[in-house]
Amino acid sequence: MENLIFPADFVWGVSTSAFQIEGAPGEDGRGPSIWDGFGPEPAGDATDHYHRYADDVALMADLGVDAYRMSFAWPRVQPGGSGPANPRGLAFYDRLLDEVCAAGIAPVGTLYHWDLPLELEEAGGWLNRDTASRFEDYAAILADAFADRVKMWIPLNEPVVTTVYGYAIGEYAPGKALLLDALPTAHHQHLAHGLAVRVLRAAGATSVGTANHHSPVWPASGSEADRAAADWLDALLNGLFADPVLLGRYPEELLPYLPPDCADDLPVIAQPLDFYGVNYYEPQGAAAPGEGNPLPFELRPIEGFPRTTNHSPIVPDGLRELLVRFAARYELPPVYVTENGCSFDGVHDPERIDFLERHLAALRAAMDAGVDVRGYFVWSLLDNFEWSKGYAPRFGLVHVDYETQRRTPKDSFAWYRELVSR
Ligand code: GCO
């Protein structure tokens, strides 16, 4: 840890999301989302954060973090995804934000972390451009209610995962396998992002940004075909989600799959941001021509790296490589790593400490190379519901016994507390 020297005003945080930790799926008027009942294992009570939030904020205070990145559950605020706000849903976030602020921790609010109200999906979900307008109305409700306490706003968490996992391959809710016909969902999410930025700013928000999932795409070999495959997949998985927001344009090679009039929305989408949040876990994989598969290119697993219990390869230098490349390609606003973490079992978790230490060293190297990084958020405070993989992967600094909801800080919790305190 000694060589991990960061600026005195560097922001240390932890991240969570509503659907993964709140539980209380039917309580206080919350409506159904696309994730309720989706996948092999229902989220159920999750970590029961809805009732235990004060204990969890106390854990964050003990950790000594500067900021807490959470998300609002759209189905709590507007049970059907439109219309008047549900006062009991807003009241929960009132209580939570007051508790976080009272602990001297800065709230970072994500408006959408994948729990789309089911009624909106039944009307087409992110395939329907109108969902962006519903999102604008939702953003206005949150801005009006919480702009006095939320210090940094993030409209959408990882739109790439919604587009690719939710609508292109169907591993995530809503479970559609549209392949490249899913790409209009990227544009409609970008439009939703831009409309929300405008609404948040109008309500006085002074810090609005992103939490985009990015990672390097490597060619499977030095061949021309593999390098072309890597370029195309880099455009799909990184450029499609960074270029419109940071450059005000789409990657040329993807235009055939986007709405023909998408350029008309670019001025709204490309409003300047106060920060660019990057979620990093591991490289995407090794790209090669997709012989026989429905996509023109495929990603093969990368070999030769240790892996987490979630089978993610551990490649810390991928974070440095990614940030340096992004700083060269875009005029980046200040950068935050809004998620980085790993799944390992047990309260004694030396592998997680090693993972965090090595990724922070890579982040320090990116900063030394000139990338303006202002903060880092560990995914996650608590063990929680890991989407289509259920509760098996454990990403928390705090262990959760899902039978008793007992919280037990892990060794990595003490390690991060020491780092944050310096
Ligand atoms: C993501 C999501 C989180 C995940 C975390 C671990 O980046 O996929 O933001 O909800 O749980 O990344 O996979």
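Residues numbered from 1 in each chain as written. Predicted model: local features only at pLDDT ≥ 70, side-chain atom pairs only at ≥ 80, totals over all residues. Heavy atoms only, no water.

- The chain goes by Beta-glucosidase in an unreviewed UniProt entry, where it is assigned to Amycolatopsis sacchari.
- Regarding the chain, the UniProt comment filed under Catalytic activity (unreviewed entry) reads as follows: "Hydrolysis of terminal, non-reducing beta-D-glucosyl residues with release of beta-D-glucose."
- Its UniProt record gives the chain the following Sequence similarities (unreviewed entry) comment, quoted word for word: "Belongs to the glycosyl hydrolase 1 family." (UniProt positions renumbered as here; feature names shortened; annotations may be inferred.)

1. Quick word on the site of the ligand
(1) Moving on: The immediate surroundings of the ligand are formed by Gln20, His113, Trp114, Asn157, Glu158, Tyr281, Glu339, Trp379, Glu386, Trp387 and Phe395.
(2) Moving on: At a separation of 2.3 Å, an oxygen atom of the ligand approaches a polar side-chain atom of Glu158.
(3) Moving on: In the complex, 93% of the free accessible area of the ligand, which totals 320 Å², lies under the protein chains.
(4) Moving on: Considering only residue class, the shell around the ligand consists of five nonpolar, three polar and three charged. (Near = heavy atom within 4 Å. Polar contact = N/O pair within 3.5 Å; in protein donor to acceptor, adjacent residues only side chain to side chain. Areas by Shrake-Rupley, 256 points an atom, 1.4 Å probe, with all protein chains shown as cover. Nonpolar A, V, L, I, M, F, W, Y, C, P; charged D, E, K, R; others polar.)

2. Re the packing of helix α9 (residues 224-246) against helix α11 (residues 317-329)
(1) Moving on: The geometry of α9 relative to α11 is characterised by a closest axis approach of 13 Å and an angle of 55° between their N-to-C directions. As far as their axial angle goes, α11 and α9 are oblique. Between α9 and α11 lies a crossing of right-handed hand. Residues Asp234, Asn238 and Ala242 of α9 form the contact with α11, whose own contacting residues are Arg325, Phe326 and Arg329.
(2) Moving on: Split into classes, the residues belonging to the contact of α9 with α11 amount to two nonpolar, one polar and three charged. (Axes fitted to C-alpha atoms, helices over the stretch in contact; angles between N-to-C directions. Helix = DSSP H or I, 4+ residues; strand = E, 2+ residues; numbered from the N terminus. Parallel < 35°, antiparallel > 145°, perpendicular 65-115°, else oblique. Left-handed = near helix turned anticlockwise from the far one by under 90°. Contact = heavy atoms within 4.5 Å.)

3. Quick notes on the nonpolar core
(1) Moving on: Counting residues in hydrophobic clusters, the biggest one holds 136 residues, and the most contacted among them are Leu363 and Tyr416.
(2) Moving on: No other element matches α9, which puts 12 residues into this core.
(3) Moving on: With sequence-adjacent residues up to four places away left out, Leu363 is seen in contact with Phe6, Phe10, Leu319, Leu323, Val337, Val373 and Tyr376. (Core = buried A, V, L, I, M, F, W, Y, C linked by side-chain atoms within 4.5 Å. Buried < 20%, exposed > 50% of the residue type's maximum accessible area, 1.4 Å probe, protein only.)

4. Concerning unusual backbone geometry
(1) Moving on: Residues Ala173 and Pro174 are joined by a peptide bond in cis, for which omega reads 10°.
(2) Moving on: Relative to the helices and strands, Pro174 is located in the loop between α7 (159-168) and α8 (184-202).
(3) Moving on: Omega for the peptide link from Trp379 to Ser380 comes to 20°, which places this bond in the cis form.
(4) Moving on: Its place among the elements puts Ser380 in the loop between β11 (373-379) and β12 (398-401).
(5) Moving on: We note that Ala24 has phi near 50°; this positive angle belongs to a residue other than glycine.
(6) Moving on: When you line up the elements, Ala24 lands in the loop between α1 (18-21) and α2 (49-63).
(7) Moving on: Unusually for a residue other than glycine, Glu158 sits at a positive phi of about 45°.
(8) Moving on: Relative to the helices and strands, Glu158 is located in the loop between β4 (152-156) and α7.

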